[in-house]
Amino acid sequence: MHWKKLDADERRAVVFGALAQNTSYHDGHVLGLPGSFLDRLVFPEGDFLQDAPFLSCMLENPNHIGCHTLGDFEPNFQGTQNLERELLRICAEELLGAEAGSYDGYVASGGTESNIEALWVFRNQFRAELGMTVNEVGVLHSADTHYSVPKAANLLDLVDIEVAVHDETRRMCSAALEDALLGAKRRGVRAIIVVANMGTTMFGSVDPLDPLLKAVEAAGLPYRVHVDAAFGGFIYPLSVDDCALSFRDPRIGSFTLDAHKMLQAPYGTGIFLARKGLMQHVQTEAARYVPGTDYTVCGSRSGANAVAVWMILSAYGSADGRAFVAELLARTDALCIRLDELGVRYFREPGMNVVTLRAGDVPASVAAEFQLVPDRHDGPPGWWKIVVMDHVDEAAVDAFVAALGAITATQDGAPLPPG
Ligand SMILES: Cc1ncc(COP(=O)(O)O)c(C=O)c1O
């Protein structure tokens, strides 16, 4: 894994070089586009912009409509589209082990859109290649999967198949998996889109693919695999050796990664990646006014957001990216050691920065003070989660552990009240 680190001057030069390749709305010849630079009254230009490449991109407001790894595309913004292609290259080839140029993708509005795009691709592929109708295609996922997956199944009229997980391990229960597949077959499901997680929202858990696909194969159903790495995509491939969920596994067709989570990019930076040949299944030929037509759920989208992701990746390079992740994981390890000392029970996936505490071991007052996120708001929580992000430093962890320890001590060995 290697991509280059660039210093601030180099990044500035690349981004302003990219903007210079775009057609600027200032050019005087842009008469046909239904877009412009940002409102001059509210967003005035200033000298400081020479030092602010991302803000300059925002003010210039390039539209990255369409998919720029495929065919023809809107020529006015090719400078910043090149940066989008480069960030997709880093994600697909360096983080996820794809062969050079063997994928397509785009910067979507977020993980939700990217998951919808994936299910849309595979649904249409099953239709086109196997003649399936929508209610013959099921979406198989664990109960810990993000709600955007059942949302996508609902939007696309697919059969949602949720599989229970073991309370302790967060792995799918094999009996429940077999039952779910049998039940789906009885309801007429003849093909499966498997969604595997690289970091679930609440637990950071990572789904092992082999037992899952073995069960689908035993059920005799054709399948496609999408990996939801919205949460773990910018941490897990950097923290484990030979990450099993990657494009090196030919069974996996597509990935979601969210730069607006672990990468600390602005909101609006979900990333969708798919093997070449798949996005053609969602080409909207009716988008005739868009050069190259459209292959995305969203249509118009911010070029500045793509540049922001490129800038963050280039500010670190692979070596500092790994070091950043290692630092977060060291803090997560330290938190777990302190929880062990206090006898507080939790789930933690190795290589991930999420620690999910049994609600019964955490007084509600401490959970509220440190704004832990519960697994549910519509009833008593079973779990509270901590995500060790950049701002969750040693001092924050110390304060949390001290508050927990103080309450544990006042209990004098008695069980804690339920959270
Ligand atoms: C695993 C996972 N997938 C998808 C999403 C949806 O992402 P977004 O909120 O960017 O649409 C999330 C959000 O938390 C997530 O954790």
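Because the structure is a prediction, the values reported are computed rather than measured. (Residues numbered from 1 in each chain as written. Predicted model: local features only at pLDDT ≥ 70, side-chain atom pairs only at ≥ 80, totals over all residues. Heavy atoms only, no water.)

**Regarding the site of the ligand**
Thought 1: Residues in close proximity to the ligand total 13 residues, the closest being Thr112, Thr201, Asp228, Asp258 and His260.
Thought 2: With respect to the ligand, the side chain of threonine 112 contributes an N or O atom lying 2.6 Å from an oxygen atom.
Thought 3: Measuring from a nitrogen atom of the ligand, one finds a side-chain N or O atom of aspartate 228 at 2.7 Å.
Thought 4: For the ligand, the accessible surface in isolation is 390 Å², of which the surrounding protein chains cover 83%.
Thought 5: Sort the elements by how many residues they give to the shell around the ligand and helix α4 (residues 111-130) lands first, with 3 residues.
Thought 6: Across the shell around the ligand, the residue classes break down as 1 nonpolar, 9 polar and 3 charged. (Near = heavy atom within 4 Å. Polar contact = N/O pair within 3.5 Å; in protein donor to acceptor, adjacent residues only side chain to side chain. Areas by Shrake-Rupley, 256 points an atom, 1.4 Å probe, with all protein chains shown as cover. Helix = DSSP H or I, 4+ residues; strand = E, 2+ residues; numbered from the N terminus. Nonpolar A, V, L, I, M, F, W, Y, C, P; charged D, E, K, R; others polar.)

**A short note on unusual backbone geometry**
Thought 1: For glutamine 264, which is not glycine, the phi torsion reads 60° and is therefore positive.
Thought 2: Within the secondary structure, glutamine 264 sits in the loop between β6 (252-258) and β7 (270-275).
Thought 3: Take glutamine 264: its relative accessible area is 41%, and that puts it in the partly exposed class.
Thought 4: For glutamine 371, which is not a glycine, the phi torsion comes out positive at approximately 50°.
Thought 5: Mapping glutamine 371 onto the fold places it in the loop between α10 (364-369) and β10 (373-374). (Buried < 20%, exposed > 50% of the residue type's maximum accessible area, 1.4 Å probe, protein only.)

**A closer look at the pairing of strand β1 (residues 103-108)**
Thought 1: Most of β1 is tucked away: 6 of the 6 residues are buried.
Thought 2: Alternating residues of β1 divide into Tyr103, Gly105 and Val107 and Asp104, Tyr106 and Ala108, and every residue in both groups is buried.
Thought 3: Sheet analysis places β1 next to β7, joined by 6 bridges and oriented antiparallel. Looking at β7, one finds that tyrosine 103 is bridged to arginine 275. (Pairing = 2+ DSSP bridges.)

**Topic: the nonpolar core**
Thought 1: Membership of the largest hydrophobic core comes to 96 residues, with the highest contact counts inside it found for Leu87, Leu140, Ile192, Phe234, Ile271, Leu273 and Phe400.
Thought 2: Counting residues per element, this core draws most heavily on helix α9 (residues 303-342), at 15 residues.
Thought 3: In this structure, Leu70, Ile116, Trp120 and Leu156 belong to the second largest nonpolar core, which totals 28 residues. (Core = buried A, V, L, I, M, F, W, Y, C linked by side-chain atoms within 4.5 Å.)

**Focus on the packing of helix α1 (residues 8-21) against helix α2 (residues 53-60)**
Thought 1: The N-to-C vectors of α1 and α2 enclose an angle of 15°; their axes lie 9 Å apart at closest approach. Classified by the angle between their axes, α1 and α2 sit roughly parallel to one another. Viewed along their axes, α1 and α2 form a crossing whose handedness is left-handed. Every residue of α2 that contacts α1 at Arg12, Val15, Phe16 and Leu19 is listed here: Pro53, Ser56, Cys57 and Glu60.
Thought 2: Taken together, the residues of the contact of α1 with α2 sort by class into 5 nonpolar, 1 polar and 2 charged. (Axes fitted to C-alpha atoms, helices over the stretch in contact; angles between N-to-C directions. Parallel < 35°, antiparallel > 145°, perpendicular 65-115°, else oblique. Left-handed = near helix turned anticlockwise from the far one by under 90°. Contact = heavy atoms within 4.5 Å.)

**Quick word on the packing of α2 against α9**
Thought 1: Running from N to C, α2 and α9 cross one another at 165°; their axes reach a closest spacing of 9 Å. Classed by the angle they form, the pair α2 and α9 counts as roughly antiparallel. Judged by the twist between their axes, the crossing of α2 over α9 is right-handed. Touching Pro53, Phe54, Cys57 and Met58 of α2 are Ala304, Asn305, Val307, Ala308 and Met311, all from α9.
Thought 2: Looking at the contact of α2 with α9 residue by residue, the classes come out as 8 nonpolar, 1 polar and no charged.

**Digging into the pattern of salt bridges**
Thought 1: Evaluated as defined, the whole model comprises 24 salt bridges.
Thought 2: Arginine 338 is the salt-bridge partner of aspartate 398, the closest N and O atoms lying 2.9 Å from each other. Taken together, the positions of aspartate 398 in helix α11 (residues 394-411) and arginine 338 in helix α9 put the pair 60 residues apart, joining distant regions of the chain.
Thought 3: Taken together, the shared-partner salt bridges in this structure form one network comprising Asp144, Asp167, Glu168, Arg170 and Arg358. (Salt bridge = Lys/Arg side-chain N within 4 Å of Asp/Glu carboxyl O.)

**A word on the packing of aromatic side chains**
Thought 1: Taken as a whole and judged by the stated rule, the model has 7 aromatic pairs.
Thought 2: Measuring from centroid to centroid gives 5.4 Å for phenylalanine 370 and phenylalanine 400, while their planes differ by 80°, and the two rings are edge-to-face. Here phenylalanine 370 is found in the loop between α10 and β10, whereas its partner phenylalanine 400 is found in helix α11, with 30 residues between them in sequence.
Thought 3: Judged by its relative accessible area of 25%, phenylalanine 370 is partly exposed.
Thought 4: Above the face of the phenylalanine 37 ring, arginine 40 is positioned so that its terminal group lies 4.1 Å from the ring centre.
Thought 5: Sitting over the face of the ring of phenylalanine 231, lysine 385 holds its NZ or CZ atom 5.8 Å from the ring centroid. (Phe/Tyr/Trp six-rings, centres within 6.5 Å; stacked < 30°, edge-to-face > 60°. Lys NZ or Arg CZ within 6 Å of the ring centre and 35° of its normal.)

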